[in-house]
Amino acid sequence: MTTTVAQQPTAVSLDEWSCPLPLRDYPTIVMGHGGGGQLSAELVTHLFRPAFAPGDTSALTDSTVLTLPGSRIAYTTDTFVVQPLEFPGGTIGSLAVHGTVNDLAMSGARPLVLTVGFVIEEGMPMAQLARIVHDMARAAREAGVRIVCGDTKVVERGHGDGVYINTSGIGVLDDDVHIGPDRATVGDVVLVSGSIGDHGMAIMSQREGLEFETTIVSDSAALHTLVHALRAAVPDVHVLRDPTRGGVATSLNEIAADANVGIMLEERALPIRPAVRAACEVLGLDPLFVANEGKLLAIVPADAANTALSALRAHALGVDAAIIGEVVADHPGMLVARTGLGARRVITTPIGEQLPRIC
Amino acid sequence: MTTTVAQQPTAVSLDEWSCPLPLRDYPTIVMGHGGGGQLSAELVTHLFRPAFAPGDTSALTDSTVLTLPGSRIAYTTDTFVVQPLEFPGGTIGSLAVHGTVNDLAMSGARPLVLTVGFVIEEGMPMAQLARIVHDMARAAREAGVRIVCGDTKVVERGHGDGVYINTSGIGVLDDDVHIGPDRATVGDVVLVSGSIGDHGMAIMSQREGLEFETTIVSDSAALHTLVHALRAAVPDVHVLRDPTRGGVATSLNEIAADANVGIMLEERALPIRPAVRAACEVLGLDPLFVANEGKLLAIVPADAANTALSALRAHALGVDAAIIGEVVADHPGMLVARTGLGARRVITTPIGEQLPRIC
Amino acid sequence: MKYLAEFRDGEIAQRIAAEIRQLTTQPWAIMEVCGGQTHSIMRNGIDQLLPPEVELIHGPGCPVCVTPLEVIDKALAIAATPGVIFCSFGDMLRVPGSDRDLFRVKSEGGDVRVVYSPLDAVALARQHPNRQVVFFGIGFETTAPANAMAVHIAKLERLHNFSMLVSHVLVPPAIDAIMRSPTNRVQAFLAAGHVCSVMGFWQYPALSSMHRVPIVITGFEPLDVLEGIRRTIAQLEHGQHVVENAYARVVTFDGNRPAQELLERVFTVSDRAWRGIGVIPNSGWRLSEAYRDYDAEYRFDVTGIHTQESALCRSGEVLQGTIKPPTCSAFGEQCTPRTPLGATMVSSEGACAAYFNYGRTVQLQRAGTSR
Amino acid sequence: MKYLAEFRDGEIAQRIAAEIRQLTTQPWAIMEVCGGQTHSIMRNGIDQLLPPEVELIHGPGCPVCVTPLEVIDKALAIAATPGVIFCSFGDMLRVPGSDRDLFRVKSEGGDVRVVYSPLDAVALARQHPNRQVVFFGIGFETTAPANAMAVHIAKLERLHNFSMLVSHVLVPPAIDAIMRSPTNRVQAFLAAGHVCSVMGFWQYPALSSMHRVPIVITGFEPLDVLEGIRRTIAQLEHGQHVVENAYARVVTFDGNRPAQELLERVFTVSDRAWRGIGVIPNSGWRLSEAYRDYDAEYRFDVTGIHTQESALCRSGEVLQGTIKPPTCSAFGEQCTPRTPLGATMVSSEGACAAYFNYGRTVQLQRAGTSR
Amino acid sequence: MCLAVPGRITAIFDEGVVRMAKLDFGGITKNVCLAYLPDAVVGQYAIVHVGFAISLIDEASAQETLHHFRSLGILEEELGEVADEVYSPPPSCPLPTSSLQ
Amino acid sequence: MCLAVPGRITAIFDEGVVRMAKLDFGGITKNVCLAYLPDAVVGQYAIVHVGFAISLIDEASAQETLHHFRSLGILEEELGEVADEVYSPPPSCPLPTSSLQ
Ligand code: SF4
Ligand code: SF4
Ligand SMILES: [Mg+2]
Ligand SMILES: [Mg+2]
Ligand SMILES: [Mg+2]
Ligand SMILES: [Mg+2]
Ligand SMILES: [Mg+2]
Ligand SMILES: [Mg+2]
Ligand SMILES: [Mg+2]
Ligand SMILES: [Mg+2]
Ligand SMILES: [Mg+2]
Ligand SMILES: [Mg+2]
């Protein structure tokens with residue numbers, strides 16, 4: 001049936017859209033973009049869908065039906081509230097992909113699909129949202145995961161911070177994969193895939209009142225191919241963990257508690273970039289508590305430690321991998337470090353967030 | 001190995017915890033609750049885990065490994081930002097369960113597991129968070145879904161609104177289930193499972209500047225058993241949709257567009273509670289655009305319409321079900337209503353949110 | 001709801017419509033003055049019940065459509081002022097100013113709040129003594145008593161942080177102006193029932209006889225509107241031109257005297273620009289000298305505003321009924337409800353928006369399901 | 001980092017430690033005055049390299065521990081004042097006042113900000129001319145020049161919205177008070193290297209000879225601390241009591257003259273309460289008369305504060321080294337780093353917190369992996 | 001302009017300097033300003049616009065109008081349906097009022 | 001108290017009424033107040049506390065101290081390891097510095 005009357009307006013036409021130019025009428029997000037009406041639909045049609053599922057005009061609905069290549073899955077969720085939204089080495093968009101891909105990868109799963117939930121603050125510049133969305137799409141593409149459904153809410157100015165992004169993700173696991181903190185066994189060796197503290201200090205360098213000039217960039221990266229390489233070399237990896245919020249110290253404390261084993265860390269062995277170390281000195285922070293977004297901790301049987309190290313170092317994301325400690329029978333539930341002096345110190349989980357100190 | 005030294009402090013001991021009493025030290029959420037350290041862990045150990053997975057001391061980690069009873073799944077996400085957080089008929093917690101369960105149910109899936117992501121504003125009263133979490137746990141229990149992993153972030157005061165909750169969910173589908181908007185077929189009949197506009201007007205009644213006294217309560221409910229009852233009676237349900245944000249009008253417009261069919265609505269047939277109708281009159285709103293959280297739209301073959309209606313009405317959540325329209329060949333892509341006068345009006349998708357008007 | 005539901009009876013509506021069809025022998029153009037009536041016509045499809053000879057012209061009775069661009073721009077400037085809480089009825093938020101709307105000002109940091117009543121804005125001023133609270137006092141005679149009372153209470157309470165941006169317009173001068181227009185096509189008026197509930201209709205006999213035009217005071221429910229049309233057609237067919245009150249359950253000849261008294265105290269009649277139409281003498285109210293301290297235009301420096309109406313927009317002619325929206329070259333192209341160039345494309349009962357959707361209705365009728 | 005890494009060499013540390021073991025023939029109790037030294041000891045496990053005869057007593061040199069409860073309560077009251085931007089070093093946020101801490105005030109709506117430098121607070125005052133910006137000026141002589149400069153600049157720039165809550169304490173009077181205590185066990189002091197970088201060490205010879213106590217100016221890196229201990233033990237073993245400068249790359253006898261001059265101008269010596277210890281005469285600085293306008297205690301009405309120290313807490317005795325934390329009945333029970341009753345349980349180098357973790361270290365040594 | 005709806009006055013009271021009333025709109029209740037209807041009493045219906053009662057409903061006149069409407073076309077019964085196509089009313093029309101109160 | 005770290009002065013400038021310097025701490029750079037070290041010149045190392053340079057490092061003295069440390073125990077070589085249990089240093093210790101700059 002042909003008709004000459006005006007169609008649904010295409011104010012945000014795909015032709016005119018070129019990231020990072022703003023959408024046409026409102027250069028900023030208004031409440032209506034979350035109202036579930038035409039403005040909401042336009043965000044999907046003209047921003048999210050072209051970015052996340054180019055060419056697929058029916059993708060990115062409220063929910064989706066999938067057939068997975070297996071029924072044993074890993075499932076996870078994370079919300080990202082990082083500030084600034086764009087930082088050296090990434091954006092909240094790529095971080096939201098990497099974080100969830102990594103949580104899946106840490107269980108040994110092959111990450112397949114993600115969902116995305118945006119909570120956008122009224123007034124967010126459309127151009128910035130577009131940059132973040134496109135960075136997110138790039139990260140997903142590079143990681144080989146599909147963003148299959150999404151949700152957008154807009155909150156009033158003063159009730160958000162630009163954008164918060166939740167991602168959930170599903171990966172599939174083979175039946176024989178059993179990776180988990182409880183598998184940490186006395187005698188096992190602890191490895192880290194590279195320098196620690198890069199993400200947290202890259203963020204800190206931008207923080208109001210603490211700014212400093214530096215070349216530190218976030219290590220934000222998807223680690224599932226690194227895990228794949230590691231598992232190809234060492235099938236019996238016992239534990240994998242991405243030491244994000246709370247850093248290496250918090251992750252190892254959790255593993256020690258979960259497996260009821262002791263962990264002894266060799267502080268001198270920790271790979272730390274000089275700039276990260278310097279920033280920590282100036283602000284009085286401990287790099288062991290600083291967040292990473294592209295590093296993994298691996299716990300493997302002692303006899304596989306060197307194989308694991310070589311496998312990690314052979315991968316682009318693991319060139320600075322190191323053996324940093326071992327699982328011990330003593331002090332179960334506790335993380336202890338051998339200091340540079342050869343003494344020991346107990347490393348506890350911090351109460352809250354690490355703050356710069358003067359003392 | 002026995003030890004006499006002090007264990008990890010148990011400031012928020014499970015014994016002392018009784019909802020809705022505040023956690024011991026901080027009666028409000030502080031930034032540290034999102035820092036990934038001890039305060040974060042305590043929220044999980046002493047609030048989330050007892051509520052969502054009582055008795056399971058290892059539940060509710062960052063990610064989880066599951067074996068699904070099938071590999072054909074429905075997958076969805078939604079973030080909930082409703083204000084007020086506690087409203088007549090529910091809380092943001094129960095709503096976050098119902099919303100995602102319903103999105104799964106609308107594809108014909110059996111909802112199985114949810115993830116939960118909290119974005120909590122610094123300063124949120126701990127007692128209120130506890131009430132919301134327990135209401136969420138109750139809703140999940142009643143719906144028979146498990147909350148399997150979660151994430152908590154705390155944002156600074158003035159960057160949130162109490163709490164935002166994201167849920168994602170997975171449900172499983174039989175191979176023969178094919179429900180989708182594109183299956184709307186000319187001649188099909190449109191049903192609604194009960195009165196419309198209850199949720200939106202219950203929320204509106206609490207909104208600053210618009211408050212009114214009313215007995216309207218939100219219809220927030222999990223609809224998967226209603227779907228099950230409907231599909232048992234009418235295996236070939238063509239389309240299911242929960243008319244949430246944007247209301248019945250927006251959902252039917254989307255279906256009309258997706259299936260490229262016309263939909264003709266009989267306005268007189270719409271079940272609307274008198275109080276909802278009255279509130280809409282006073283504020284100048286159209287109940288067709290008002291949100292529902294416990295209603296479904298079903299599109300079924302004409303010859304199954306009465307069977308479907310009976311099946312819906314036989315269920316506690318469908319007693320007020322009604323046949324409200326049909327799928328037509330005319331005006332494809334458009335929703336048209338036959339008015340109380342027997343005339344027609346085109347019902348478009350609203351631009352943004354419906355606002356009270358004086359004119 | 002009592003006194004609403006009874007006046008929506010579909011069967012009786014058909015009977016009145018049948019009566020109208022019986023009465024009608026030739027084309028007639030009737031203007032419903034009030035946007036609320038337009039809304040009722042669109043929402044219920046009343047026009048579809050009428051014989052093709054009867055044309056309804058949507059009048060200028062909607063503040064969204066006629067509040068002048070300059071006032072909108074002043075509202076936007078005040079709303080964008082740091083520290084200000086700018087309160088408005090929901091209707092005004094998408095009305096386009098020269099380069100943006102209130103939604104955008106809000107998204108850019110303006111504290112713009114939708115209120116149900118001007119008294120809610122007064123309450124906000126009490127709650128926030130250190131903030132300037134400004135109410136956007138638009139509307140016709142129906143809304144004016146509420147706005148007048150808000151200013152009056154603010155003055156009584158010495159709420160020095162409350163002020164009002166006033167842009168009130170009056171119906172009788174608009175009827176007069178339309179009838180005086182050389183291109184006028186309107187042959188009868190459905191007068192706005194709720195305006196008359198405040199003002200009475202003592203002003204109308206003179207207008208009716210001067211312009212030899214039937215004026216029927218009309219309500220808003222389907223039966224009310226149909227009855228107003230029926231009586232208008234009856235007059236037209238019989239060559240009459242008198243004032244009739246078809247909304248007697250609400251409207252009296254005198255109107256609401258206490259309201260009129262406060263209106264006289266708080267407001268002063270002034271010339272007023274109508275968006276798209278231009279200045280109509282004595283067609284508006286501004287705050288009187290005694291309330292000048294509560295006038296937002298004096299409190300905020302919003303002089304020097306340069307308005308810029310879209311060069312394409314012909315909403316003035318549309319509002320006066322001299323052209324139909326599709327005649328405008330922007331209609332459905334640059335200008336849609338999603339991207340309105342003129343105010344008449346904003347609310348669903350604005351003449352251009354109504355036509356935009358009406359065009360789709362016409363399509364659906366052509367498609368074969370017409371009545 | 002140059003001038004840090006070299007002073008952390010593990011092999012040399014072992015050599016100095018060996019020298020200390022060789023020197024030591026009997027038990028000695030040495031107080032490291034400065035919290036930064038305590039931090040270095042805990043962080044590097046320096047104490048584990050020492051012979052069992054050498055006991056290190058953590059001194060009162062940490063503002064977290066000694067800032068009086070009354071001042072904390074004043075800070076909490078000011079920070080909770082609407083409109084105030086309250087700036088602090090990160091250290092102070094978890095210090096318990098009578099009933100809460102700054103984190104809680106922040107969560108309840110106070111605008112509490114962590115800054116790196118007092119100059120950042122001055123910058124905030126420039127940026128927010130309509131807000132009161134208050135800096136929590138705590139610390140010892142090392143931090144005082146920074147705080148003095150901030151107030152001085154604010155006065156030069158007439159930043160009337162800037163003020164400082166000052167609670168500065170001085171090291172020499174504290175050393176004197178500790179030595180005068182009838183229960184004193186301290187036999188030698190590692191003086192605080194960075195305090196001396198500002199103040200020099202011309203005040204120490206008198207103290208040393210009066211109390212017949214060795215005082216060694218000591219740095220913060222492991223080798224510096226060990227060398228300080230080595231020199232102290234050497235004096236003790238030889239019955240000497242002189243002042244030595246083991247941190248000569250940073251500290252001179254005179255100290256930083258320009259800093260001392262501004263300190264004299266901006267501050268006046270006053271009696272000062274030390275948390276848990278009580279008032280020590282002439283042991284603090286307050287703003288001098290000329291800078292009184294910038295004193296937050298004058299600007300804000302924070303008189304009438306009723307402080308309530310935990311009845312259980314014995315941190316004063318702990319700070320003076322007269323009891324060890326486990327002697328306190330609350331230790332590890334009601335009082336943990338997670339739920340501190342006293343300030344000494346807050347930062348990981350507070351004496352009670354250090355002991356809390358040390359207890360765990362002891363356990364791990366008992367468990368069989370000891371050196 | 002001028003969305004205004006009828007409600008029944010259920011209480012009259014003073015709030016500060018203003019005379020107010022509680023109105024029942026059939027399931028919802030709102031407080032509105034009654035300053036402009038000084039003679040209104042509880043039980044009467046008033047038309048409310050933006051929180052103000054602006055006019056009392058003359059109930060006799062309302063009945064008269066309704067009576068007039070009902071009498072319309074009585075003489076010329078059965079004009080036939082206006083629409084040329086009849087949509088068969090769904091079985092649930094008029095509404096099931098079971099639980100809709 | 002008194003976390004203070006050494007950095008190298010790379011530039012000196014005025015900011016408003018205050019003399020400032022840019023200091024390199026080995027990979028990060030921060031501006032600090034130089035008002036208390038009026039004689040400092042570019043290239044020198046200063047100790048920085050809460051954004052203020054409070055003391056210049058006497059490089060000769062530093063070398064002397066290090067020399068003294070290194071000479072310690074030279075006469076009595078090989079005291080043996082202090083710890084009774086030796087943790088075998090991991091193969092990556094000292095650090096691989098390949099990409100860590
Ligand atoms: S269609 Fe748009 S541009 Fe044309 S007259 Fe109407 S409002 Fe103005
Ligand atoms: S353990 Fe706690 S209560 Fe006891 S002295 Fe130390 S800080 Fe005070
Ligand atoms: Mg996760
Ligand atoms: Mg944030
Ligand atoms: Mg994660
Ligand atoms: Mg993780
Ligand atoms: Mg959604
Ligand atoms: Mg969803
Ligand atoms: Mg909200
Ligand atoms: Mg949903
Ligand atoms: Mg849905
Ligand atoms: Mg997480």
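Below: a short report on this structure. Please read these numbers as outputs of a predicted model, since none were measured by experiment.

**Some points on the pairing of strand 5 (residues 110-121) of chain B**
Residues and elements named next belong to chain B. Burial within strand 5 is extensive, with 11 of its 12 residues counted as buried. Where strand 5 and strand 7 (residues 163-172) come together, 10 bridges link them in antiparallel fashion. The partner of T115 across the bridge, within strand 7, is S168. Two strands pair when backbone bridges link them, and strand 5 and strand 6 (residues 146-155) are joined in this way by 9 bridges, in the parallel orientation. Bridging from a neighbouring strand, I120 pairs with V154 of strand 6. Since strand 5 and strand 6 lie parallel, the crossover through helix 3 (residues 126-143) that links them has a hand, and here it is right-handed.

**Description of the site of ligand 1**
Around ligand 1 sit C:C313, C:R314, C:S315, C:C328, C:A330, C:F331, C:C335, C:L341, C:G342, C:T344, C:M345 and C:C352, and that is every residue in its neighbourhood. Classifying every residue of the shell around ligand 1 gives 8 nonpolar, 3 polar and 1 charged.

**Observations concerning the sheet that holds strand 11 (residues 262-266) of chain B**
Residue and element names in this part refer to chain B. Strand order in the open sheet formed by 7 strands is 10-12-8-13-11-14-15, with mixed pairing between adjacent strands. Of all strands in the sheet, those bounded by a partner on one side alone are strand 10 (239-241) and strand 15 (344-347). Each strand axis lies, on average, 25° off the axis of its neighbour in the sheet, ignoring direction.

**Remarks on the coordination of the magnesium ion (ligand 5)**
Residues and elements named next belong to chain A. Taken together, the protein donors to the magnesium ion (ligand 5) comprise D78 (OD) and D103 (OD), at separations of 2.3 to 2.5 Å. The distance between the magnesium ion (ligand 5) and the magnesium ion (ligand 3) comes to 3.9 Å, and D78 binds to both of them. With D78 in strand 2 (residues 72-80) and D103 in helix 2 (residues 92-105), this pair connects stretches of sequence that are 25 residues apart. Grouping residues by exposure puts D78 and D103 together as buried.

**Observations concerning the interface of chain A and chain B**
At the junction of the two partners, chain A supplies 61 residues and chain B supplies 61 residues. Summing the contributions of chain A and of chain B, the shared interface buries around 5000 Å²; its carbon and sulfur component is 55%. Along the contact surface separating chain A from chain B lie 4 salt bridges. Across the salt bridge formed by B:D78 and A:K153, the nearest N and O atoms sit 3.7 Å from each other. Taken together, the connections running from chain A to chain B amount to 36 residue pairs in polar contact (both at pLDDT 80 or more).

**Let's talk about the environment of D:R272**
Residue and element names in this part refer to chain D. Its location among the elements puts R272 in strand 10 (residues 267-274). For the pair R272 and V112, spaced 160 residues apart in the sequence, the C-alpha separation amounts to 25 Å. Residues contacting R272, with those up to four places away along its chain left out, are V71, V166, S167, H168, V169, G278, V279, I280, S283, G284, W285 and R286. Only 3.2 Å separates the side chain of R272 from the backbone oxygen of V166, close enough to count as a polar contact.

**Let's talk about the relation of the copies chain A and chain B**
Each copy superposes on the other: chain A lies on chain B with an RMSD of 0.0 Å after a rotation of 180° and an axial shift of 0.0 Å. On this basis, the relationship between the two copies can be described by a two-fold rotation axis. Of all interface residues in chain A, 100% are interface residues in chain B too; the two copies therefore contact each other through one and the same surface.

**Focus: the sheet that holds strand 11 (residues 278-287) of chain C**
All names here are of chain C. With mixed pairing, the 6 strands of this open sheet are ordered in space as 4-3-5-6-11-10. Each of the sheet's edge strands pairs with one partner strand only, and the pair in question is strand 4 (111-114) and strand 10 (267-274). Across this sheet, the average inter-strand angle for adjacent strands is 25°, counted without regard to direction. In this sheet, strand 6 (residues 162-169) lies alongside strand 5 (residues 132-139) in parallel orientation, the contact comprising 7 bridges. What sits directly across from G139, in strand 6, is H168. Relative to the sheet, helix 4 (residues 69-79) contacts strand 3 (84-88), strand 4, strand 5, strand 6 and strand 10, its axis offset from that of strand 6 by approximately 165°. Where helix 12 (residues 257-266) meets the sheet, its contacts fall on strand 10 and strand 11, and the angle it forms with strand 10 comes to roughly 80°.

**Considerations on the packing of aromatic side chains**
One pair of aromatic rings is described through two measures. These are the centre distance and the angle between the planes. Taken as a whole and assessed by the stated rule, the structure comprises 25 aromatic pairs over all chains. Ring geometry for C:Y3 against E:Y45: centres 4.9 Å apart, planes inclined by 80°, an arrangement best described as edge-to-face. Residue C:Y3 is located in the segment before helix 1 (10-23), and its partner E:Y45 is located in strand 4 (residues 45-49); the two belong to separate chains. Each member of the pair, C:Y3 as well as E:Y45, is classed as buried. For the ring pair D:F140 and D:W274, a centre distance of 5.9 Å and an interplane angle of 70° mean the geometry is edge-to-face. With D:F140 in the loop between strand 5 (132-139) and helix 7 (144-156) and D:W274 in strand 10, this residue pair connects regions lying 134 residues apart in the sequence. An aromatic cluster is present here, built from A:F48, A:F52 and A:F118 joined pairwise through their rings.

Reading the values: the criteria
- Residues numbered from 1 in each chain as written.
- Chains lettered and ligands numbered in written order.
- Predicted model: local features only at pLDDT ≥ 70, side-chain atom pairs only at ≥ 80, totals over all residues.
- Heavy atoms only, no water.
- Buried < 20%, exposed > 50% of the residue type's maximum accessible area, 1.4 Å probe, protein only.
- Helix = DSSP H or I, 4+ residues; strand = E, 2+ residues; numbered from the N terminus.
- Pairing = 2+ DSSP bridges.
- Right-handed = clockwise from strand over helix to strand, strands pointing away.
- Near = heavy atom within 4 Å.
- Nonpolar A, V, L, I, M, F, W, Y, C, P; charged D, E, K, R; others polar.
- Axes fitted to C-alpha atoms, helices over the stretch in contact; angles between N-to-C directions.
- Donors = N, O, S within 2.8 Å, 3.2 Å for Na, K, Ca; no water.
- Contact = heavy atoms within 4.5 Å.
- Buried area = accessible area lost by both parts, 1.4 Å probe.
- Salt bridge = Lys/Arg side-chain N within 4 Å of Asp/Glu carboxyl O.
- Polar contact = N/O pair within 3.5 Å; in protein donor to acceptor, adjacent residues only side chain to side chain.
- Least-squares fit on C-alpha atoms with pLDDT ≥ 70 in both.
- Phe/Tyr/Trp six-rings, centres within 6.5 Å; stacked < 30°, edge-to-face > 60°.

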